[in-house]
Amino acid sequence: MESIHNDLKFHATSIEESVASLESDLNKGLSEERAKKSLERYGLNAITEAKTITAFQILVNQFKSPIVFLLVFAAALSFWFKEWLDGSAILLVLFINAAIGFYMEIKARKSMLALKKLSSVPAKVLRNGKLNEINSENIVPGDILFAEAGDLISADGRICRSTQLLIDESALTGESVPVEKDTNILPEETVLADRINMSFKGTYVSKGNAYILVAATGMQTELGKIATMVHSSEQAASPLEKKLEAFSKKLIKITVGLVVVIFITGLINGQNIVDMLATAIALAVAAIPEGLPIVATMSLAQGMLKMSRYNVIVKKLSAVETLGGTNVICTDKTGTLTQNKMEVVFVDTHSGAWKKDVPFAGKKEHLDLIFKGAVLCNTANIQSSGKETKEIGDPMEIALLKFAQGNGEDPEKIRKEFLKKDEEPFSSETKIMATLNEHDGKYYVFAKGAAEELLLKCTTVFEDDIVPLDSSKREKWLATAEKFSASGHRMIAMAYHETAGKPNSLIDDLVFVGLVGLIDPPRPEVFSAINDCKTAGIKVVMITGDHPSTAHFIGTQLGISKEEELPVIGKDMKKYEDLTEDDKQKWINTSVFARVNPKHKLDLIKVFQEKGYVVGMTGDGVNDAPALKKSDIGIAMGLRGTQVAQEVSDMVLKDDSFSSIVVAIRQGRSIFENIKNFVTFLLSCNLSELLVIAVAAVMILHSQLLPLQILFINLITDVLPALALGVTKGGADIMKLPPRKSSEPIIDNSRWKLIFFYSAVIAVASISAVLINHYYFHIGQSWDAASCNNVLFFTIIFSQLLHVFNMGTGSFFNNEVIKNKYVWFSVLASTVIVIGMIQIPYVREALNLISLSLNEWMLIFCASVFSVIVIQFEKKLKLFQK
């Protein structure tokens, strides 16, 4: 479709020129014929959605892993050598793993669909001189759009006529306060957030009405441009996915290397090539932890389900762990850190100041006049019916009503006692609103407005008595207003005037009463959540489209930044391509960014990621969407969040609670520790089998494990105990530890040393049991291959089952693993399964099992316990640990 007048800057163009450029008519709008041609030319006024991933693609993605590829290869080799049971068992494990991952991600997608609210939005436009209601998708450039309080703006446009127009643009720009609009021409370089003569698609009218010349529709709107950025920005693989892939590749190299060495050694020792191929398959099956994919998936799924109880929808399994590794959280301000509603936080009068939670110690008459002005010079309403409360009007005026109510005043009673007789509406010219009210035969004027304007209309000030307001007093009050404005407050001056009759003007000869300060307050739970992030070594960065002074005040109040640290402002931010290393370092060292646009957010995420940080991004607005997608983990709000933000995020907070992020971080950290523990457990178990097979092959022992025996061992020891490790609760200090480095692998060099030590101990214990069985219990007899094979088989099983207790930290009898009831259940259940399975004749035959003597069972038990004792002795000495 054709783009729309990209060369014309509508905000810097007169209304007449703008209307002429689109061949429209301000009084009649477009003709139906003209509108139809424009619709064919420019297309529907709709945002193109990115292609959604299908259920089939989600299923295919469950198999995209190097370990899965290797296991498929091992299964293929098993089928090639007609080892049908081995091959089938491997494939069964893979399909179970895929089914769990597929189910969890489909469930998350359904939760997201439940959040979607799809509806056709109507719009009112002038067509052939008449105001018609049409589907917003049929709006075209040149249409004259009429919007009033409560309406969603359906397209970008130049405001042509307006009455007391306030538009909430928080979803697009991050500006927490509705923006007052007018029709004046602006400089060409005016930034988006300051284009007060324009309205934008996706915002809504909070007060007043306007006739708007539609200048851009669909993907040509500012909202559409953001959607384009969202579609084009790439979603990087999560840190966990990268680490599992790197770990898998390393494991594959080790496995292939060992298999080749053992195969060649066997041939050199004169072994039959077919026997050595069978041994090679056994080695491959032994080395690859078949349980790893399913245990990793189940561990993440358990975290995913646990987080759902805290109203967190996790759309992708790996996102749970990623948040645990996050060391930077970039968060939007409006609605995420703050409540996205105004609140009166202080009142300043001559006799004293009122502050929230601090009693007023000044003159009662002063505060009473402030209350009356807050209620009477106000067009907002708060309607309560049962449990539901409906707020109608400008957010600032609603805040003034709540302020009066919260201090024991009854707005309805006051309005009945002081009947409104006249009103001077707020306008961009006067920046003052005033009402005339009658009470007991007298008339009272109550006025509110910008301090610099209202003070000029005041001739007296209410101190102990009403006294003249000279220039020095006026400057003093103005300085106070400017001081608080600089700290992020929205300042309102209040005045009144008592008269016997109706005055000629409502805004002259006023008596100044005092100042009222409002702010979009922080969400109560955010303070503790940010402190928890700090304790955990996580940097919190606030990124907002709001005013720098407001951003600075909120950042300082929440402890995100220090008083002396000034925010970086969007207009001073260079393009990503033009950034120097010093520029990037300055961004990284800064905690508050103000007046930023979506491109700035995207560039900031890139800079952090380039420097090796794992970045989480929270937000709810359309303006957050590109950065949410680009970040390592995007976290959208469920209640206030726009559909665009929810679609591109990895997680959605259904209750919009920032504190839920801390719960997710704790869960993510616990999961990563659990993953490291069960990978250590699985590898040390599987490598012990590898060593046993290698030693048996080199020493030409006649007790070699069979491929099916190895698979049975792995299924018994790899799944239940590892799953139990995967749900171990994190230690009490897990949120006091610094974030792990993004480059930290799942298994570092120190842990590899431990794994080889653990596997060597289990292998030595198992081989020793075989040798003792032959040279002590069967002394003087020929080598009993079946008996020695079975002793080796069961010693490995029970050594590995008991090895799960070596995964705890601290004292053997007082650590998180010993306290994990699921670990005990898994060991008991695995033991019962082994005993039960060997009672089945078909299983005994398939595994080549025979009856063992009591002495042989005692030997198996002692060898298994011995391996635990040796490993615990090493943990005391810390020979292979940091």
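Residues numbered from 1 in each chain as written. Predicted model: local features only at pLDDT ≥ 70, side-chain atom pairs only at ≥ 80, totals over all residues. Heavy atoms only, no water.

A few points about the overall build of the protein chain
In step 1: In terms of helices and strands, the protein chain carries 30 helices and 26 strands.
In step 2: Here the protein chain, with 882 residues, has 54% of them falling under the buried criterion.
In step 3: Expressed as a percentage of contacts within the protein chain between residues at least 6 apart in sequence, the contacts between residues at least 24 apart total 72%.
In step 4: Looking at the protein chain as shown, the accessible area adds up to about 38400 Å², and 58% of this sits on carbon and sulfur atoms. (Helix = DSSP H or I, 4+ residues; strand = E, 2+ residues; numbered from the N terminus. Buried < 20%, exposed > 50% of the residue type's maximum accessible area, 1.4 Å probe, protein only. Contact = heavy atoms within 4.5 Å. Areas by Shrake-Rupley, 256 points an atom, 1.4 Å probe, with all protein chains shown as cover.)

Section: the sheet that holds strand 23 (residues 592-594)
In step 1: The sheet built from eight strands is open, its strands ordered 8-26-25-24-9-21-23-22 with mixed pairing. The open sheet is flanked by strand 8 (312-314) and strand 22 (568-569), the only strands paired with a single partner.
In step 2: Relative to strand 26 (residues 651-653), helix 23 (residues 659-698) is tilted by about 140 degrees, and along the sheet it contacts strand 8, strand 9 (328-332), strand 24 (615-619), strand 25 (633-637) and strand 26. (Pairing = 2+ DSSP bridges. Axes fitted to C-alpha atoms, helices over the stretch in contact; angles between N-to-C directions.)

With respect to the pattern of salt bridges
Oppositely charged side chains are able to pair whenever their charged atoms sit close together.
In step 1: Tallied over the entire structure, the rule returns 26 salt bridges.
In step 2: We note a salt bridge from Glu-525 to Arg-523, for which the minimum N-O separation is 3.0 Å. (Salt bridge = Lys/Arg side-chain N within 4 Å of Asp/Glu carboxyl O.)

Remarks on helix 18 (residues 548-558)
In step 1: Of all eleven residues in helix 18, eight are buried; the element is thus mostly enclosed.
In step 2: Check the buried side of helix 18 and you find it contacts helix 16 (471-486), strand 20 (510-519), helix 17 (526-535), strand 21 (539-543), strand 22 and strand 23.
In step 3: Two residues or fewer after helix 18 comes Gly-559, characterised by a positive phi angle close to 85 degrees.

Focus on the packing of helix 12 (residues 364-376) against helix 13 (residues 395-406)
Between two packed helices, the angle of one axis relative to the other and the distance separating the axes together describe the packing.
In step 1: As a packed pair, helix 12 and helix 13 sit with axes 8 Å apart at the nearest point and diverge in direction by 135 degrees. The pairing of helix 12 with helix 13 is recorded here as oblique in orientation. Our pair here, helix 12 against helix 13, has a crossing hand that is left-handed. Across the interface between the two elements, Ile-370, Phe-371, Ala-374 and Val-375 of helix 12 pack against Leu-400, Leu-401, Phe-403 and Ala-404 of helix 13. (Parallel < 35°, antiparallel > 145°, perpendicular 65-115°, else oblique. Left-handed = near helix turned anticlockwise from the far one by under 90°.)

Points about the environment of Ile-398
In step 1: Structurally, the position occupied by Ile-398 is in helix 13.
In step 2: Separated by 16 residues in sequence, Ile-398 and Ile-382 have C-alpha atoms that sit 7.3 Å apart.
In step 3: Apart from residues no more than four positions distant in its own chain, Ile-398 is found in contact with Ala-380, Ile-382, Glu-391, Ile-392 and Gly-393.

Overview of the confidence of the model for the protein chain
In step 1: Looking at the protein chain as a whole, the pLDDT averages 82, with 88% of positions reaching at least 70.
In step 2: The spread of mean pLDDT over the elements of the protein chain runs between helix 9 (residues 273-287), the lowest at 66, and strand 17 (residues 458-462), the highest at 95.
In step 3: Note on residues 114-120: pLDDT is under 50 here. Beyond four places in sequence and across chains, it has nine contacts. (pLDDT = per-residue confidence, 0-100.)

A look at empty space enclosed by the protein
In step 1: What the rule picks out here adds up to one cavity of 30 Å³ or more.
In step 2: Taken as a whole, the largest cavity encloses approximately 30 Å³ of empty space.
In step 3: In terms of lining, the largest cavity is formed by Gln-164, Leu-165, Leu-166, Glu-180, Lys-207 and Phe-426.
In step 4: No other element matches the three residues that strand 4 (residues 156-168) contributes to the lining of the largest cavity. (1 Å grid on protein atoms, 1.4 Å probe; cavity = no way out; pocket = protein on both sides within 12 Å on 5 of 7 lines; lining within 4 Å. Points joined across faces, edges and corners; volume = space filled by probe spheres on them.)

Looking at helix 28 (residues 821-837)
In step 1: The end-to-end C-alpha separation of helix 28 is 24 Å, in line with the 24 Å expected for 17 residues at 1.5 Å each.
In step 2: Residues Val-823, Ser-826, Val-827, Ser-830 and Val-834 constitute the buried set of helix 28. Angularly, the buried residues of helix 28 cover 95 degrees about the axis, an arc narrow enough to put them on a single face. In helix 28, the exposed residues that point more than 90 degrees away from the buried face are Leu-828 and Val-832.
In step 3: Turning to helix 28, the residues buried within the fold contact helix 24 (707-718), helix 25 (720-726) and helix 27 (785-803).
In step 4: Measuring from the side-chain oxygen of the N-cap residue of helix 28 to the backbone nitrogen of Tyr-822 gives 2.9 Å; that N-cap residue is Asn-820. (Expected span 1.5 Å × (residues − 1). Arc of directions from axis to C-beta. Polar contact = N/O pair within 3.5 Å; in protein donor to acceptor, adjacent residues only side chain to side chain.)

Some thoughts on the side chain of Thr-203
In step 1: Within the fold, Thr-203 resides in the loop between strand 6 (198-199) and strand 7 (204-216).
In step 2: Classification of Thr-203 by relative accessible area gives buried; the value is 1%.
In step 3: There is a polar contact of 2.6 Å between the side chain of Thr-203 and the backbone oxygen of Phe-200.
In step 4: The contact partners of Thr-203, leaving out residues within four places of it in the chain, are Asp-151, Leu-152, Ile-153, Ile-167, Asp-168, Glu-169 and Leu-172.

So, the pairing of strand 7
In step 1: Looking at chain direction, strand 3 (residues 144-148) and strand 7 are connected through five bridges and run antiparallel. Among the inter-strand pairings, Leu-145 is bridged to a residue of strand 7, identified as Ile-212.
In step 2: Examined bridge by bridge, strand 4 and strand 7 share ten bridges and lie antiparallel to one another. Its bridge partner being in strand 7, Ile-167 is matched across the sheet by Val-205.

Overview of the environment of Gly-517
In step 1: Note that Gly-517 resides in strand 20.
In step 2: By relative accessible area, which is 0% here, Gly-517 ends up buried.
In step 3: As for Gly-517 and Arg-490, which are separated by 27 residues in sequence, their C-alpha atoms are 5.7 Å apart.
In step 4: The residues contacting Gly-517, other than those within four sequence positions of it, are Glu-343, Val-344, Val-345, Phe-346, Arg-490 and Met-491.

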